[in-house]
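An overview of the molecular structure
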Amino acid sequence: MQADAFTMQADAFTMQADALTMQADALTIRADALALSGITKFNSLRINEMLYLVKK
């Protein structure tokens, strides 16, 4: 019975470690998304600038 408790505790620690890894991955993905959003906004501004200069 005590061996089962230790096994369950080890499983819980493994799941907790997996959850922390997934959380870190989610934060990395969020940072990448923010970077891509910034690039998109910058490119949009550049395109608008080029269109404005062409219309002059």
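Scroll up for the structure.
The paragraphs below set out a description of the structure included in this document. (Residues numbered from 1 in each chain as written. Predicted model: local features only at pLDDT ≥ 70, side-chain atom pairs only at ≥ 80, totals over all residues. Heavy atoms only, no water.)

**Things to note about the overall build of the protein**
- The helix and strand tally for the protein stands at one helix and zero strands.
- Over its C-alpha atoms the protein spans a radius of gyration of 24 Å, topping by over 25% the 10 Å that the globule rule assigns to 56 residues.
- Projecting the C-alpha coordinates of the protein onto the three principal axes gives extents of approximately 80 × 10 × 5 Å.
- Here the protein holds 56 residues, and 0% of them are scored as buried. (Helix = DSSP H or I, 4+ residues; strand = E, 2+ residues; numbered from the N terminus. Rg over C-alpha atoms; globule rule 2.2 N^0.38 Å. Buried < 20%, exposed > 50% of the residue type's maximum accessible area, 1.4 Å probe, protein only.)

**Some words on the environment of Ala-35**
- Looking at the element boundaries, Ala-35 is found in helix H1 (residues 2-55).
- Sequence separation of Ala-35 and Ala-24 is eleven residues, and the distance between their C-alpha atoms is 17 Å.

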